[in-house]
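Structure at a glance
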Amino acid sequence: MGNGKSGKILRAIFAAFALALGMLLAGCGSSGGSTSGGGDTTKPSVVLINPVNNATGVPVATVLAASFSEDIKVSTISDVTFIVSAGSDQVAGKVGFSTGSNAATFTPAAPLKYDTVYTVTIKAASVTDMSNNALNANSPTGDYVWSTTTRRSGSVDAGFGGAGTGGTGGGG
């Protein structure tokens, strides 16, 4: 670059370009889990559910779970935002969250009923990442929803024991 007035102008333009490019790359290079609140506009997604959607023959002792694509604000996961229901009846249970695996879990207070369709609803607008981006929905209601059906009565089941009992559910 030159030494005179044109050199100063070129250096100023180059510095402005480098600053703008750095800011752009900082926002685009994010994995979506930024805690700075600055450039993260990526909505978190559900990347794994247990049991899988439309699974049948699921043990009545199953702990229902959803894993997320990025860090979720723990305060946004609760029994108000992670709901398990059988028809119009909400199932009583405890909602938990593991920050290490970005997974929310629902442990029923009692064994699920046999041969019953359960619907899991995560209130997508209320569950957010660290930058307040709402969860991606998969249903017309604007929520993330999946269903599963428990085993028929009389079939062999691991029994109710909470987390870790019969937890693989519904892979086939």
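Residues numbered from 1 in each chain as written. Predicted model: local features only at pLDDT ≥ 70, side-chain atom pairs only at ≥ 80, totals over all residues. Heavy atoms only, no water.

1. Side note on the overall build of the chain
In plain terms, the rule: Working definition: helices are DSSP H or I runs of at least four residues, strands are E runs of at least two. Numbering for both runs from the N terminus. Using a 1.4 Å probe on the protein chains alone, a residue whose accessible area is under 20% of its type maximum counts as buried, one over 50% counts as exposed, and one in between counts as partly exposed. Working rule for contacts: check all heavy atoms of both residues, and any pair within 4.5 Å makes them a contact. Surface exposure here means Shrake-Rupley accessible area, sampled with a 1.4 Å probe, where a residue is shielded only by the protein chains that are shown.
Across its full length, the chain carries 1 helix and 9 strands. Reading the chain from its N terminus to its C terminus gives the helix and strand order α-β-β-β-β-β-β-β-β-β. By residue count, 37% of the 172 residues in the chain fall in the buried class. Taking as baseline every contact in the chain between residues at least 6 positions apart, the subset at least 24 positions apart corresponds to 66%. Of the roughly 9300 Å² of accessible surface on the chain, 57% is carried by carbon and sulfur atoms.

2. Looking at the nonpolar core
Short version of the rule: In this description, a nonpolar core means a group of buried Ala, Val, Leu, Ile, Met, Phe, Trp, Tyr and Cys residues linked to one another through side-chain atoms lying within 4.5 Å.
Counting 24 residues, the largest nonpolar core has Phe68, Phe82 and Ile122 as its most contacted members. Mapped onto this core, the elements with two or more residues apiece are strand S1 (46-50), strand S3 (64-68), strand S4 (82-86), strand S7 (103-108), strand S8 (117-122) and strand S9 (144-150).

3. Description of the sheet that holds S8
Applicable threshold: Paired strands, in this sense, are two strands between which DSSP finds at least two bridges.
Strand order in the open sheet formed by 5 strands is S2-S9-S8-S4-S5, and the pairing between neighbours is mixed. Both outer strands of the open sheet, strand S2 (55-58) and strand S5 (89-90), are each paired with one neighbouring strand and no more. Both S2 and S9 contribute to a ladder of 2 bridges, which runs parallel. If you follow Ala55 over to S9, its bridge partner there is Thr148.

4. Remarks on the sheet that holds S1
Quick reminder of the rule: Structural elements are reduced to axes, namely lines fitted to C-alpha atoms, with helices fitted over the stretch in contact, and the angle between N-to-C directions of any two is expressed from 0 to 180 degrees.
With antiparallel pairing, 4 strands are arranged side by side in an open sheet as S1-S3-S7-S6. Each end of this open sheet is capped by a strand with a single partner; those strands are S1 and strand S6 (93-98). Strand-to-strand twist of the sheet, defined as the mean angle between neighbouring strand axes without regard to direction, takes the value 15°. Alignment of S3 against S7, held across 4 bridges, turns out to be antiparallel.

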